[in-house]
Amino acid sequence: MDTFFGIPTGTLALGALFAAGAALGVLALRAWRWPVFLRLGLRQLPRRPAQTALIVAGLMLSTALVTASLATGDTITHAIRAAAVTELGRLDQVVTYSAPAGSQQGAPPGAGGDPFASSTFFPGEVFARVARGIEADAALRLDVEGATPAIWLGCTVLDLTSRQTATASVRGLPPEYPPVFGALVDLEGRALSLAALQPGEVVVNEAARGALAVQPGDDLSCTLEGVPVRWRVAAVAAARGLGAGAGVSLFLPLAQLQRVLSSEPTAGAVDAVNQIWIANRGDAISGAARSERVVEAIRPLLVDAGALQDVRQLLTRADLRAALAARRGSLSERTQGRLAELLEIADRPPPPATGDSRGGALSREGRDLDRLLRIQSLRAALLAGARDTRDAELVRTLGTALQRATGYQVLAVKRQVLEIADRAGNVITTIFLLFSLLSIAAGLLLVFLIFSLLAAARRSELGIARALGTGRGHLIAMFTFEGVAYALLAAAVGVPAGLGISRVLLALLIWAVESGAFGFSGVAARVADTVTWYAAPRSAALAASLGLLLTIVTVTVAAWQVSRVTIVTAIRDLPDPPSRPHGVLAWGWTGLFPGGATLIALGLRWGQTFPFAAGVSLLLLGCGVAVSVVGDRLPARGDWRKGGAPRPRWGARAGATLAGMALAAYWALPFDAQERLGLPRLASGIEIFGLAGVLMVVGTTWALSANGDLALRLASWSLTAAGRPAPALRLAAAHLLRQPFRTGVTTTMFALVVFMLTVMQVITAAAVHFQADAVIKYGGWDLRGHVTATAGQGPETGPPERPVPVDGAPEGAPLAAPESPAAPATAQAQPPATQAAADQHLAETVVAAIADSADLQRYVAAAGVRTAAFFAVTQLSAPAPTWGGYVVAAIDEGFARGNLIPLQTRARGYATDQAVWEALAADPSLAVIDANALPSPQLRGGINLSTLSFTLQGIDDRQTAMEPVPVWIGNSNGGAARKVSIVGVIDRRVATAFRGVYVAPEVLRGLGTPLRPATSRLFFRLQPGADVNEARAALGAAFFAQGLQTESLMERFQNESGPLILASRMLQLFVGLGLFVGVAALGVISTRAAVERRQEIGILRAIGLSRRRVTVSLLLESALVVVLGSVIGITLGLVLCRNVFAVQFFDRFQQGLKMVVPWQELLLTVLLTCAAALVATWLPARQASRIPPIAAIREA
Amino acid sequence: MTTLPASPDHTRRVHTDGLGDDGLAGPGPAPGNGQTSRDLIVDARAVRKVYLGGDVPVDALRGVDFAVRRGEMVAIMGPSGCGKTTLLNCLSGIDSIDGGEIVIDGRPLQRMSDGALTRYRATSMGFVFQSFNLLPVLTAVENVEYPLLVANVGPREARWRALAALAAVGLEDRAGHRPARLSGGQQQRVAVARAVVTDPAIVWADEPTGNLDSASAADLMDLLRRLNQARGQTFVIVTHAREVGEQTDRIIRMRDGLVER
Ligand SMILES: Nc1ncnc2c1ncn2[C@@H]1O[C@H](COP(=O)(O)OP(=O)(O)O)[C@@H](O)[C@H]1O
Ligand SMILES: [Mg+2]
């Protein structure tokens, strides 16, 4: 868990720790000054061991729950992060160089004209400069553990022996590279040395075994930077250290790789590299925290100060200035600001030239220039301005100067990967955050309940102490000592217990995954491998100090309350007379109004929901108090102390009802209601839902408990009217009414627990339902593959194309480790249309060949091709039609027949989804679109990040039948527009994997050449029972000439959805834990009730009430609370869920999550909770019923 | 016969609450001398108390006049519900009054703050309750020394004085026992020791024998009488038992919230 209400957990933990420490310090001081009271307080502990144990257990439970939820959140975050960084290992930063425009190296400038698009080779001497810089900088040495020059290239590798093809990265490192980057060891654990490799030999990693079926001695072939290469596999490295990762990697000594590449004249000097790797101190994850400092320190080592000077000079040219001024209007506001800043620096008098133009210390201005010129939009603006001057020479010199000035980049790759992982893991940690908040609230209530009961129990003793001349301060101290002793015990037990619980839960879960129990069937098996239990120390500290602090505060409040006992009544243990609140309380409530108004104003000003909603709540509270004050000139104050019902006063009743209902209603409003009232959009996190839940529950129970007498009277009246006088019920009701405060808190607690159960189950059900299973998610396909038109024709014929993801949008892989971002893009220029067309043709021949091959039919049940490209789409029937970009995918007959992609909406006239797909493949006037194209309202000003800007209007997510919707597909690259009718919408769950407007192949052909080349993907469904790896190997070998590479979609599914599913199950286990808190509360209450009522029970027994009746009457009390709490909890839980899902809160993490109410599971858990609660009540009730009548009366 | 804790002059006591004037005002006159307001340790006039707790207000005290001389042992008697306990609670300042005036040892109670009242109770008043009301977590001697510690007496001196007080009530051998292990009569004697250990100006006892068998009750009354005579300790005892009343100097009879004349 990283933040709570926007405050970093570490800070929060420190603050809580400090506050708890300060509170303990104050108490210690008092204890030292007043040892009698310390003794008095502490002596209470051993006096009633059973009660002490109960209190400690209750407090412990709440601390344990908070600890466990924080620790589990940590574990999951950590697991996601650890999975994300396996590929990088200890590599934290990479230095790369971008080739100048027009140079022979690297890719030609793209359409955008930015010459910095790809990284290229640079002299190995740069590494020496960086190494010297690190050596010279003591501070930097503390951050950096090691650095090495490296070559890292991507290519398609063919294993000529096993006849398999795979995308791989080739890495060359000096054999003596720093150990921090991890050793290479073979599968038996023996060290592998790069130095020992003969020329032409490479080491491959374990992942290559799966993808290429590689064995030592195999011959590999690939084309590297245009150079055909052949290698022999010397050894396979285990997936550890440098060999870790799921991608195929080849390792060889840097010098050998350089020699291979230098046979090609364009590769430059022999010692050229394309990367410098830098590892920070710390571990694979924590090292990233140093990235910012390291990047800041390394960057100046790489800047060419002379080139900066040149840029500066050029920027003073009048024609460029004029052109830039003319362009200003078309720039974004931010870019305008940066441009102004840049020009302002350029206008300053140039600094005196220094002898050494590169490396060393940069001036402050130099750093500013460097920082600004690294911004791509600004560079683009400058170059565009230069082009506007129509001075070709200026364009060239500026381009080169910019290039020289900022060509080297220090990329904080690890940090980027972690950021991506965190964003992906957010949905889980966010849910855990919500869970933690709710459990803190429930825990707080439990603590509160325990101490108000304790105060009630201590009342007469405290009265005597007061009579004997004990001051209020002493009394508070005494009671607080006792409470803090419980709290310390509870923290000492609760934190380890919570850690233990989360550990056990995880172990349980991993066991379930591995044994295939509970329907896991190995889905998350891979995740279980990587997930290890982990709890950040700050979480434990936060839980402990928070528990302690909450207890201290609660106990002090309770102590303050008791210290105000009316001595006479306390000694005799009679109810306190109603008293006028005095001092602060009498008028303090009026402060609610200005306070609330201030918060509302602040909320609007900052655009934050939290202060705004808190302000509204305060106002509502103020109104309630005002009503009750005006109502009977006495502020509402339930008499919670032992003994007597408060006289019902209408003002108090009206006030509590009004404020409670208003509070509940306000928080139950849909989250976008404020916007409909014309208020601005306010930002909020999931914390607000937790708060909403707590306040809804509190408001409802408050209102209800103020009117509890009416409700119970009604209940007992209707029972009597039904001819069944129920003395036990009446007794139970009377007891509940006698202590409205206690009843209210217990009900609130129980309702909160049920509320938590409900919300968690609904969210989990939504997540699980969404993740569905691999079959649904990948449309029934088992393998996905692609061919490379030039690949299998032998290594000599030309460079293979490195496959680039087509779909433009991220391929729905929120949790998968991103493909090594450090691998440079080496996509070679190809005549796009021809290459794409050739690929498509090749893919089609593969499908046709499978149909003819009986051998392959043993593995493959269905195969199809999906060819996708990016076009413009518009819907003329939309209110304001505009062209928007979208993927247009052509599918062949095989795909149409073989897929199981579910449609959430389909046009009338089609009996099945299958019918739609088959009609589509045959009829060029039809189309199907994915559900992501439907408009999705986002919670708070969500931004549409994707370039897939087309939205389809007029179809709702929930509708199942539709009329065909005509849309036009056009080509901004020239070519004709085509009209197609959309007759189906792909289910949201599948939509991310299958984005696009699906059309017949001839539609795509008719659209002409797209801006970016189309890509073809092959899909295979395997025969039932066929082994995935065997099938892949067979396909790879059969279509080796076509360079067919496949990936297992099941494996992909495991990587993507495994963690989420795992976390969902974890949550479900967790919710079971929360249950204990509710149960504990009822147990505590009943035990107390049984103790309190010894005498009364004795009398009842003497009068002739049977034991059973006594038990039943006590049980009934709990049952009433349980039923009321469950109804409130479930209702409000569903209300909150509806609100959360209505604003599609989870869309920021996972689009298309739909609310699913798992009624059966929900009712089952609630029934279980109720049953457990009744058992917890039954024990003390039974004990109470055994009280001998005489003893009870005598004892009084 | 045990010796009583030494107190050089029981009529001269030093008050720690800043009202030394009164306390140092020379030796008090012997009981039976002509009454002056100086001699009166309790002087209550027209005290009224109304309970608002129930559905109808209860006039528990309806203008009570009441006075006790220093060193006197007074019994308040009357039928159940006539307001005896209420009067005692009001006089001792643990309950508030709705009319009239109460002056204890020359100090008007109504004008004292809660803090001052608390301190005053700690230093100058002792209490004996019907149901003993010892603090159950403390041993006998700790119960007795408790008021001393509250009044900021040093721990050694407090322990010594508490043991002396326990000896005075004949329970020195039970000093280490918790209340639960003492009989009712013993518990009440501990309570008496606790009441007199601070050498208070006055000791209030509400039905001190109410929960005791007759033998223990007689023992307790002997003890109180002895303390009264040997140390000149003032006692105000509420009781409805005639035997108890007969042992005191004076009986005040109450009926329906009024003192009978
Ligand atoms: N807390 C209370 N609330 C209301 N009435 C009370 C309370 N305490 C005592 N009373 C009433 O005041 C009257 C005097 O009570 P009390 O002084 O206890 O009588 P006694 O001690 O003489 O038996 C009784 O009528 C009693 O009912
Ligand atoms: Mg009485």
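Just so you know, these numbers come straight off a predicted model, no measurement behind them.

A. Representation of the overall build of chain B in the model. From N to C terminus, chain B includes 8 helices and 10 strands. Buried positions account for 56% of the 261 residues belonging to chain B. Expressed as a percentage of contacts within chain B between residues at least 6 apart in sequence, the contacts between residues at least 24 apart total 71%. Total accessible area on chain B stands at roughly 11,300 Å², and carbon and sulfur atoms take up 49% of it.

B. Expanded view of the interface of chain B and chain A. The partner chain A presents 23 residues to the 26 residues of chain B that form the contact. Both faces combined, the contact of chain B with chain A buries some 2,400 Å², and carbon together with sulfur accounts for 63% of it. On the chain B side of the contact with chain A, B:Ile94, B:Val137 and B:Tyr146 bury the most area, a combined 24% of that side's loss. For the salt bridge of B:Glu142 with A:Arg39, the shortest nitrogen-to-oxygen distance reads 3.5 Å. Inspection of the chain B/chain A interface yields 6 residue pairs in polar contact (both at pLDDT 80 or more). If one sorts the elements of the side of chain B that touches chain A by residue count, helix α4 (residues 140–150) of chain B sits on top with 5 residues.

C. Just the side chain of B:Thr234, in detail. Topologically, B:Thr234 is positioned in strand β8 (residues 234–238). The residues touching B:Thr234, leaving out its near neighbours within four places in the chain, are B:Ile41, B:Val68, B:Arg69, B:Arg70, B:Gly71, B:Glu72, B:Ala201, B:Ile202 and B:Val203.

D. Main features of the packing of aromatic side chains. All names here are of chain A. Applying the stated rule across the entire model yields 16 aromatic pairs over all chains. Taking 5.4 Å as the distance between ring centres and 80° as the angle between the ring planes, the aromatic pair formed by Tyr 666 and Trp 667 counts as edge-to-face. Among the aromatic residues, those joined into a cluster by ring pairs are Trp 781, Phe 895, Phe 994 and Phe 1019. A cation over a ring is seen here: Arg 171 above Trp 152, with NZ or CZ 4.3 Å from the ring centre.

E. Representation of the pairing of β8(B) within the structure. Residue and element names in this part refer to chain B. Here β8 lies mainly inside the structure; 5 of its 5 residues are buried. In β8, alternate side chains face the same way, and those of Thr 234, Val 236 and Val 238 on one face and Phe 235 and Ile 237 on the other are all buried. Where strand β3 (residues 73–77) and β8 come together, 4 bridges link them in parallel fashion. Looking at the pairing, Val 74 lines up with Val 236 of β8.

F. Looking closely at unusual backbone geometry. Residues and elements named next belong to chain B. Although it is not a glycine, Asp 199 adopts a positive phi angle of roughly 60°. Take Asp 199: it is sitting in the loop between α6 (184–196) and β7 (202–206). At Asp 256, a position not held by glycine, the phi torsion is positive, near 50°. Checked against the element boundaries, Asp 256 lands in the loop between β9 (250–255) and β10 (258–259). Taking the relative accessible area as the measure of exposure, Asp 256 reaches 52% and is therefore exposed.

G. Looking closely at the pairing of strand β15 (residues 783–786) of chain A. Residue and element names in this part refer to chain A. Along β15, one buried face is formed by Leu 783 and Gly 785 and the opposite face, lined by Arg 784 and His 786, is buried too. Here 3 bridges tie β15 to strand β24 (residues 1015–1022), and the two strands are oriented antiparallel to one another. Bridge pairing links Arg 784 to Phe 1019 in β24. Relative to strand β25 (residues 1045–1048), β15 is paired through 4 bridges, and the arrangement is antiparallel. Each bridged residue has a counterpart across the sheet, and for His 786 the counterpart in β25 is Gln 1045.

H. Seen up close, the site of ligand 1. Surveying the vicinity of ligand 1 reveals 11 residues, the closest of which are B:Gly81, B:Gly83, B:Lys84, B:Thr85 and B:Thr86. Proximal residues around ligand 1 fall on chains A and B, making this an inter-chain site. At 3.0 Å from an oxygen atom of ligand 1 is found a main-chain nitrogen or oxygen belonging to B:Gly83. B:Lys84 places a main-chain nitrogen or oxygen 2.9 Å from an oxygen atom of ligand 1. Broken down by secondary-structure element, the contributors of at least two residues to the shell around ligand 1 are β2 (58–69) and α2 (84–91) of chain B. The dominant element in the shell around ligand 1, judged by the number of residues it contributes, is α2(B), at 3 residues. Among the residues forming the shell around ligand 1, the class breakdown is 4 nonpolar, 5 polar and 2 charged.

I. Main features of the environment of A:Gly1072. Within the element layout of this structure, A:Gly1072 appears in helix α37 (residues 1049–1092). Residues A:Gly1072 and A:Thr1169 lie 97 residues apart in sequence; the distance between their C-alpha atoms is 8.7 Å.

J. How the structure looks around the pattern of salt bridges. All names here are of chain A. Summed over the entire model, instances satisfying the criterion amount to 40 salt bridges over all chains. We note a salt bridge from Arg 290 to Asp 143, for which the minimum N-O separation is 2.8 Å. On the criterion of sequence distance, the pair formed by Arg 290 in the loop between β13 (275–280) and α8 (291–302) and Asp 143 in helix α5 (residues 138–143) is long-range, its members being 147 residues apart. Residue Asp 143 is classed as buried on the basis of its relative accessible area of 6%. Linking Arg 293 and Asp 143 is a salt bridge whose minimum nitrogen-to-oxygen distance equals 2.8 Å.

K. Helix α12 (residues 364–373) of chain A, seen in detail. All names here are of chain A. Buried residues dominate α12, accounting for 7 of its 10 residues. Within α12, the full set of buried residues consists of Glu 365, Gly 366, Asp 368, Leu 369, Asp 370, Leu 372 and Leu 373. Looking at the buried residues of α12, the elements they touch are α8, α9 (305–315), α11 (333–347), α13 (376–388) and α14 (392–406).

L. Up close: the nonpolar core. Membership of the largest hydrophobic core comes to 223 residues, with the highest contact counts inside it found for B:Phe66, B:Tyr146, B:Leu166 and B:Trp204. Ignoring sequence-local partners within four residues, the contact set of B:Tyr146 consists of A:Val36, A:Phe37, A:Leu40, A:Ala465, A:Leu468, A:Thr470, B:Leu135 and B:Leu138. A:Ala889, A:Ala927, A:Leu952 and A:Val965 belong to the second largest nonpolar core, which has 57 residues in total.

M. Spatial organisation of the confidence of the model for chain A. All names here are of chain A. When pLDDT is averaged across chain A, the result is 77; 79% of the residues are at 70 or more. Across residues 100–118 the pLDDT falls below 50, and counting only partners more than four positions away or on other chains, this stretch makes 28 contacts in the model. Scored below 50 in pLDDT, residues 355–359 makes 10 contacts in the model with residues more than four places away or belonging to other chains.

Criteria and cut-off values
Residues numbered from 1 in each chain as written. Chains lettered and ligands numbered in written order. Predicted model: local features only at pLDDT ≥ 70, side-chain atom pairs only at ≥ 80, totals over all residues. Heavy atoms only, no water. Helix = DSSP H or I, 4+ residues; strand = E, 2+ residues; numbered from the N terminus. Buried < 20%, exposed > 50% of the residue type's maximum accessible area, 1.4 Å probe, protein only. Contact = heavy atoms within 4.5 Å. Areas by Shrake-Rupley, 256 points an atom, 1.4 Å probe, with all protein chains shown as cover. Buried area = accessible area lost by both parts, 1.4 Å probe. Salt bridge = Lys/Arg side-chain N within 4 Å of Asp/Glu carboxyl O. Polar contact = N/O pair within 3.5 Å; in protein donor to acceptor, adjacent residues only side chain to side chain. Phe/Tyr/Trp six-rings, centres within 6.5 Å; stacked < 30°, edge-to-face > 60°. Lys NZ or Arg CZ within 6 Å of the ring centre and 35° of its normal. Pairing = 2+ DSSP bridges. Near = heavy atom within 4 Å. Nonpolar A, V, L, I, M, F, W, Y, C, P; charged D, E, K, R; others polar. Core = buried A, V, L, I, M, F, W, Y, C linked by side-chain atoms within 4.5 Å. pLDDT = per-residue confidence, 0-100.

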